[in-house]
Amino acid sequence: MATRFLAKAASAVTLPVAPLYGAFLSYMIFHPPRRPHHKTPADLGLTSTDVNVPLNGQQGRGLHVWLIPGDAERVVVLGHGLGLSKSASLAHARLLSEAGYTVAMFDHRNHGKSVTDRAGWGMSDRHTDDVVAVVRHMRSMDEYAAARIAIYGFSISTFPSFYMLKREDCPVDAVVFDSGPALELAPLFRNFVAAGGVPIPGPLGAGPSRPVVESVASSAAVAMLRVQWPPPLGGAYERTPMLFLAGERDTMIPASGVRALAERYPLAEVHTLPDTEHLQGIKTQPEAYAETVLGFLERTLKD
């Protein structure tokens with residue numbers, strides 16, 4: 001009883017600084033500590049080439065890409081979840097490579113081996129620029145100039161993968177989303193903070209301080225995006241086939257939110273994976289996952 005009382009008292013004392021720490025966490029969400037690649041394509045028996053994709057026409061360090069060659073007429077650009085790196089998507093890359101696709105795996109800015117970007121504003125456009133840059137780079141290569149291209153996003157990175165359809169000057173032929181996106185933004189960031197996606201130390205992580213930290217962090221993160229969400233129907237959102245994979249037990253980006261977004265767009269398919277948590281579909285439902293993804297790509301990237 002005494003320990004609980006002291007914890008609540010400590011949290012009450014730190015309450016005045018909770019909004020400041022929440023604001024700090026909103027920046028940290030988009031600028032997380034870098035995780036090294038825990039595996040490489042070679043560890044899964046895949047042959048790859050390291051590629052640097054410049055950003056905004058600038059020379060020097062840009063986006064780090066593992067290019068895994070396959071059918072030059074069918075390319076999948078593969079992202080990763082926020083706070084992770086492209087190595088987290090290697091199982092998906094192997095699935096695609098074994099099915100014959102060329103795979104371009106990239107680290108978003110501030111992740112893996114890609115460039116550092118300290119900006120704290122307009123984060124939606126910046127992360128969308130990452131996806132667009134890789135697609136344009138693939139189209140600039142002679143062997144892939146005529147390829148049909150699909151985008152494959154994960155978790156929070158599904159949002160820029162979805163938003164890039166607004167870029168009419170960078171068309172793609174299909175999009176696949178694993179564990180997102182959803183109709184509303186603020187709950188996603190609240191869930192991300194609540195699940196330990198960013199650290200909340202000591203008294204700030206309990207008692208009256210905790211909800212203040214979570215609320216400020218999620219509100220500030222949404223503001224940092226500077227995004228019109230959801231994108232209005234029209235243009236590529238009417239023409240592009242979309243596959244949404246949602247986990248039945250996903251508490252980070254619940255399947256209900258994914259369905260609420262997808263039902264706005266005419267060519268969207270939603271597959272809910274039973275007994276599956278966030279980003280775990282390829283592990284918990286490997287056969288259904290592979291059949292769904294490969295079947296969709298076969299239909300949408302064929303001649």
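In this text the structure is predicted, and so the values were computed from the model without any measurement. (Residues numbered from 1 in each chain as written. Predicted model: local features only at pLDDT ≥ 70, side-chain atom pairs only at ≥ 80, totals over all residues. Heavy atoms only, no water.)

K.L.:
What is the right way to read the sheet that holds strand 7 (residues 242–247) from this model?
P.N.:
Working definition: the strands of a sheet are paired by backbone hydrogen bonds and lie parallel or antiparallel to each other. Pairing within the open sheet is mixed, and its eight strands lie in the order 1-2-4-3-5-6-7-8. With partners counted over all chains shown, the strands left at the sheet margins are strand 1 (49–53) and strand 8 (268–273), one partner each. For this sheet, the mean inter-axis angle between neighbouring strands, taken without regard to orientation, is 20°. Pairing analysis gives six bridges linking strand 7 to strand 8, with the strands arranged parallel. (Pairing = 2+ DSSP bridges. Helix = DSSP H or I, 4+ residues; strand = E, 2+ residues; numbered from the N terminus. Axes fitted to C-alpha atoms, helices over the stretch in contact; angles between N-to-C directions.)

K.L.:
Just checking my understanding: could you explain the packing of aromatic side chains for this structure?
P.N.:
Each pair of aromatic rings is reported with the distance of its centres and the angle of its planes. Tallied over the entire structure, the rule returns twelve aromatic pairs. Each member of the aromatic cluster is reached from another via a ring pair, and the members are Phe159, Phe162, Tyr163, Phe177, Trp229, Tyr237, Phe244 and Tyr265. The residue whose ring lies beneath Arg74 is Tyr101, and the NZ or CZ to ring-centre distance is 4.1 Å. Across the ring face of Trp66, the terminal group of Lys86 is positioned such that the distance to the ring centre comes to 4.5 Å. (Phe/Tyr/Trp six-rings, centres within 6.5 Å; stacked < 30°, edge-to-face > 60°. Lys NZ or Arg CZ within 6 Å of the ring centre and 35° of its normal.)

K.L.:
Looking at this model, I keep getting lost on the nonpolar core. Mind explaining?
P.N.:
One broad trend across soluble globular proteins is that nonpolar side chains are buried collectively. Membership of the largest hydrophobic core comes to 67 residues, with the highest contact counts inside it found for Leu25, Ile29, Val77, Met138, Phe162, Met164 and Met242. The element that contributes the greatest number of residues to this core is helix 4 (residues 123–140), accounting for seven residues. Counting contributing residues per domain, this core is built from domain 1 (1–31 + 187–226) and domain 2 (43–183 + 230–301), each supplying no fewer than three. Those residues in contact with Met164 that sit more than four places away from it in its chain are Thr128, Val131, Val132, Val135, Ile151, Cys170 and Val172. With 28 residues, the next largest nonpolar core counts Tyr101, Met105, Val176 and Leu301 among its residues. (Core = buried A, V, L, I, M, F, W, Y, C linked by side-chain atoms within 4.5 Å. Buried < 20%, exposed > 50% of the residue type's maximum accessible area, 1.4 Å probe, protein only. Domains from an automatic or database assignment. Contact = heavy atoms within 4.5 Å.)

K.L.:
Before we go on, may I ask you to explain the pattern of salt bridges in this structure?
P.N.:
Opposite charge on two side chains permits pairing when their charged atoms draw close. With the rule as written, the count across this model stands at 13 salt bridges. For Arg109, the salt bridge is made with Asp130, and the minimal N-O distance between the two is 2.8 Å. Here Arg109 is found in the loop between strand 4 (101–106) and helix 4, whereas its partner Asp130 is found in helix 4, with 21 residues between them in sequence. Across this residue pair, the class does not change: Arg109 and Asp130 are buried. The partner of Arg239 in a salt bridge is Glu168, and the shortest N-O contact between them spans 3.1 Å. Here Arg239 is found in helix 8 (residues 236–239), whereas its partner Glu168 is found in the loop between helix 5 (158–163) and strand 6 (174–178), with 71 residues between them in sequence. Since its relative accessible area comes to 53%, Arg239 is described here as exposed. The exposure class of Glu168 is partly exposed, given its relative accessible area of 47%. The structure contains a network of salt bridges with shared partners spanning Arg109, Asp117, Arg126 and Asp130. (Salt bridge = Lys/Arg side-chain N within 4 Å of Asp/Glu carboxyl O.)

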